[in-house]
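# Overview (structure and organization)
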Amino acid sequence: MNVSPQPNPPVPSPPTPLPLLPPVSFAKKPVPPDPSEPAVTPPPKDNPTTFVKKPKMAGKPRKREIPEGLWTKCPKCSTMLFDKELDENLKVCSQCQYHFPIGSRERIHSLVETCTFEEMDAQMTSVDALGFTGVATYTSKLEAYQRSTGLKDAVVTGICRIGEHRAALGVMDFGFLGGSMGSVVGEKLTRLIERATEKGLPLIIISTSGGARMYEGMFSLMQMAKTSAALAYHAKARLPYFSILTHPTTAGVMASYATLGDLILAEPGAMIGFAGPRVIKDTTQAELPPGFQTAEFLLERGLIDAIVPRNELKERLITYLGYVTAGRNCSSGLAKS
Amino acid sequence: MKHQLDFEKPIIELQNKLDELRKHPETHSLGVSFDEEIKQIEKKLEETRRQIFSNLTAWQRVQLARHPKRPYTLDYLARTFTEFHELHGDRLFAEDRAVVGGFARLGDHKVMVIGTQKGRDTKENILRNFGSAHPEGYRKALRLMRLADKFGLPIIALIDTAGAYPGIGAEERHIAEAIAVNLREMTLLETPIIAAVIGEGGSGGALGIGVADRVLILENAYYSVISPEGCAAILWKERSAAAKAAEALRITAKDLFELKLVDEIIPEPLGGAHTDPKQAAEILRQHLLTNLEQLRALPVAERLKLRYEKYRACGPFLEKPLTASEKAAAPRKSSKRAAAPAATMA
C-alpha cells in the first residue's frame, strides 16, 4: 500500500546534517538585467549563467517517439517503456495501466487460441461509389491507408475459438481511416453476424471508430441499419452478443452495433460517446463535466456492464461465455463445424 | 416577404409586380385594363420558376429543405391526415417535444404517426429543441411503434431533423443506444412501416425513426450521413465549403434515388412545398396511401424478409481488390456513378 511514489527513496543514513551541501540553490535566481545592455539582447554564448535559461528545450515541438523503435514514452505517466515489454503487456503501460492503441491483428492474437482464427472476406475492399472528391479523392485515401496499415479496410472478421468456445469475432482497427464504417465494414460485420446466427455461435465485436465514413455518404449511414438488422435476427435466435468498446468509439458505430450487446464492456479510460466533445461544447455553450464521455463516466451512468483491462479481457470473455451458454450450451457450435 | 432565399428573388420580384398590377384597378378606378400585362407577367413567372427549379444545385435544395416556411410534421398531420390524437412520453424519463406521435387517420386507414418536429418561431423552437430529439424522443417513438405493432396499426414516420441533439444530457442518457435499439427493433416490427423524409434527413437522428419497408423523400428534401457544414469542416477545414460538400455527398432526392437508397421521390409543387403547403400535403397523402395499400397486401413474413433485404443490399464493395489491368479499364468518374450499385453484386 504505502509505496513511496518518489523515484529515489532516500537511503537511510546517519542523522548528521548535510555538511557537504554547499549553500547553493538551483532555483531560478532573479538575474538583474545588465545595465550596459538592453533587456531584449540575449546573453552572450560564453555567459557562465546560461543554466538559468532554457529557450532551446521550450521551443522544440514535443514529439512522443523519441529514438525510433526501442522506447515509448507513456503519454499519461511519462514513464519510458521498453517497446518489447510494452508489446508483451498488450500495449498497456506497466506503471499506470494506460492503454495504448492496439491494431486489430495484435488484438486477435491476444484473444484467440493459436491457429484457430479463420478469417472471412479478407480481400474485400471499398469502392468509391460517389466519385467523392474532397481535398483528396477517396480512392487515393484508401490506397494510402492500405499501404500504411497493410489492411484492406477498418475491420477484420472471422470465426475463432476462445478458451473452449467457438465464436464469431470482429475487430475494428482505428489505424484505417479512423476506424470509419463504410460499406465494407458494414458488409463484413453483417456477414459475420449472419454466419453466427446460422451456426448458432456467440458473437463478439470489438469496436473503435470515429463513426460512419463520410466518403461513402448515405451508403455509410445505411450500414448502421444493415448491421443492426442482422443483430436483430441474431438476438431473436437467443444467441449472445458481447460488444467491447475501446478508445475511441463514437457516432455512427455507437448508434448501431456497439451499443446493442447483451453485455457492453469497455477498456479503462476509453473515450466513448455519440457526438464529439467539441460539437457538444459548440452547441450547448456549456462546460463539459469532468471525465465526460469516458468509459468510467458511462459506467456510472448505466451504459456499460463492466470495465475490463486489456490483459484480463480473454479470461473475462471465457467466463462470460460460460454463463451465457450455460442454459443451452451454445458451444455445441464446436461439434457442428 | 420575409425568409427569401437568394435564388428565389427573381420569382418573388415578379410575384410582387403581379400583385401590384392586380391591385391597381381597385385603387385607381381609371378604367384602364392591365389584363394584357398581367398575362405576360404570369407567363414569365411560370417560366422563371420552371427554369430556376429545374436546375437547383444540391446546396440550394438543402436551403429549401431548411426553409423556415416549409411545412413541418404537424402541418402535414393537419392536412395529409384527417385526425390526430397525440400521445406523449417515453414512460422512462420525460416527454420530448422534438418528436410528436399518436393515432391518426390516413384515408380509410387508422395509423400511428411518428415525426420529428421543428419550431416555427423562437419560442416554439425552444420547446421543440429545433427539431433535434433527445434520447427520450427516440424511446417515445419506439414505445408508440411497439404499441402500433401490438394492435396492428401501420406506422408512418415523418422525418425532418438536422440530427439527434448533441448535448450533455443526451450523452448521459445514452442517445446512441436509444437510436441503435430503434434500428434493431424496427427491423422486427410486423406492422408495415413507411418513412418519408419531408425536410432535413440528418444522419443517425433521422435514421433513428427511419427504418422502414418503404423510404420516400420529398423532391427538395435531403438525407445525409453528416450535415454539409460538418463534412466541410472536417474535409475542407472550413464550414463555408458546405456547398461543395453537399454536392460531393450526393444527398439530394434525385441522387439518393439513383443510388437506390430511397424508394420513391415525392414531387413538390413548383417552387417548393412552402409555396403551396396544401398541394404538397395532398401529394404526400397520395403517395403514402399507394404505398400503404401495397404493403398491406403483403403477408407479414414476406414484408419482413423484403425489409431485411432492402437494407442488406445497401453499400457497394469489391470482393477482391482490382488488379492493375482492371484498374486501368475501370470507367472514369461519371460512368462509375451509374455503375456503382452494380458493384454490390460483384
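A brief report on the enclosed structure follows. (Residues numbered from 1 in each chain as written. Chains lettered and ligands numbered in written order. Predicted model: local features only at pLDDT ≥ 70, side-chain atom pairs only at ≥ 80, totals over all residues. Heavy atoms only, no water.)

### Regarding the interface of chain A and chain B
We apply this condition: Residues are treated as being in contact if the distance between any of their heavy atoms lies within 4.5 Å. Note on definitions: buried area is the accessible-area loss of two parts on being combined, 1.4 Å probe, summed for both. Definition used for salt bridges: Asp or Glu carboxyl oxygen within 4 Å of a side-chain nitrogen of Lys or Arg. Put simply, DSSP marks the helices as runs of H or I at least four residues long and the strands as runs of E at least two long, and each gets a number from the N terminus on. Basically, the charged four are Asp, Glu, Lys and Arg, the nonpolar ten are Ala, Val, Leu, Ile, Met, Phe, Trp, Tyr, Cys and Pro, and anything else, Gly included, counts as polar.
Chain A puts 63 residues into the contact, and the matching count from chain B is 53 residues. Contact between chain A and chain B buries roughly 5200 Å² in total, counting both sides, with carbon and sulfur atoms accounting for 71%. Considering only the side of chain A, the residues that lose the most area to chain B are M214, M218 and F274 of chain A, jointly responsible for 13% of the buried surface there. Run the count over chain A and chain B and you get four salt bridges. Between E194 of chain A and R312 of chain B there is a salt bridge; the shortest N-O distance is 2.7 Å. With 16 residues, the single largest contributor to the side of chain A that touches chain B is helix α6 (residues 217-236) of chain A. For the side of chain A that touches chain B, the residue count by class is 34 nonpolar, 18 polar and eleven charged.

### Regarding the packing of aromatic side chains
Our working definition: Each Phe, Tyr or Trp ring (for Trp, its six-membered ring) is paired with any other whose centre lies within 6.5 Å, and the angle between the two planes then decides the class: stacked below 30 degrees, edge-to-face above 60, tilted in between. Criterion for a charge above a ring: Arg CZ or Lys NZ at most 6 Å from the ring centre, at most 35 degrees from the ring normal.
Across all of its chains, the model carries nine aromatic pairs over all chains by this definition. Between F242 of chain A and Y320 of chain A, the aromatic rings sit 6.3 Å apart at their centres with planes inclined by 85°, giving edge-to-face as the arrangement. Of this pair, F242 of chain A sits in strand β8 (residues 241-250) while Y320 of chain A sits in helix α10 (residues 313-324), and the two are 78 residues apart along the sequence. One aromatic cluster in this structure is built from F132, Y138 and Y215 of chain A. The ring of F297 of chain A carries R301 of chain A above its face, with NZ or CZ at 3.8 Å from the centroid. Taking NZ or CZ as reference, K310 of chain B lies 5.5 Å from the ring centre of Y311 of chain B, over its face.

### Some remarks on helix α11 (residues 242-249) of chain B
To keep it simple, the criterion reads: Exposure categories follow from relative accessible area, calculated using a 1.4 Å probe and restricted to protein chains: below 20% of the type maximum is buried, above 50% is exposed, and the middle band is partly exposed. An arc is given here, and it is the one of the directions from the helix axis to the C-beta atoms.
Of all the residues in α11 of chain B, the buried ones are A242, A245, A246, A248 and L249 of chain B. Viewed along the axis of α11 of chain B, the buried residues span an arc of 165°, placing them on a single side of the element. In the core, the buried residues of α11 of chain B are packed alongside α6 of chain A together with α3 (58-65), β7 (222-224) and α10 (228-236) of chain B. Of the residues one or two after α11 of chain B, R250 of chain B is the one with positive phi, at around 55°.

### A few points about the pairing of strand β5 (residues 155-162) of chain A
All names here are of chain A. Note the threshold: By this definition, two strands are paired if DSSP reports at least two bridges between them.
Within β5, seven of the eight residues are buried, which leaves the element mostly enclosed by the surrounding structure. When strand β3 (residues 118-120) meets β5, the two strands line up antiparallel, connected through three bridges. Note on β5: the bridge partner recorded for E119 is G158. Where β5 meets strand β6 (residues 165-172), eight bridges bridge the pair, whose relative direction is antiparallel. Within the sheet, the bridge partner assigned to I159 lies in β6 and is A168. In textbook terms, the turn of a hairpin is the stretch between consecutive antiparallel strands, and for β5 and β6 this stretch comprises two residues, one of which, G163, has a positive phi near 60°.

### Overview of unusual backbone geometry
Put simply, H247 of chain A and P248 of chain A share a cis peptide bond, and its omega is -20°. Secondary-structure assignment places P248 of chain A in strand β8. A positive phi is found at A251 of chain A, a non-glycine position, where the angle reads about 50°. In this fold, A251 of chain A is placed in helix α7 (residues 251-254). Residue N129 of chain B is not a glycine yet carries a positive backbone phi of 55°.

Functional significance is not addressed by these values, which are geometric in nature.
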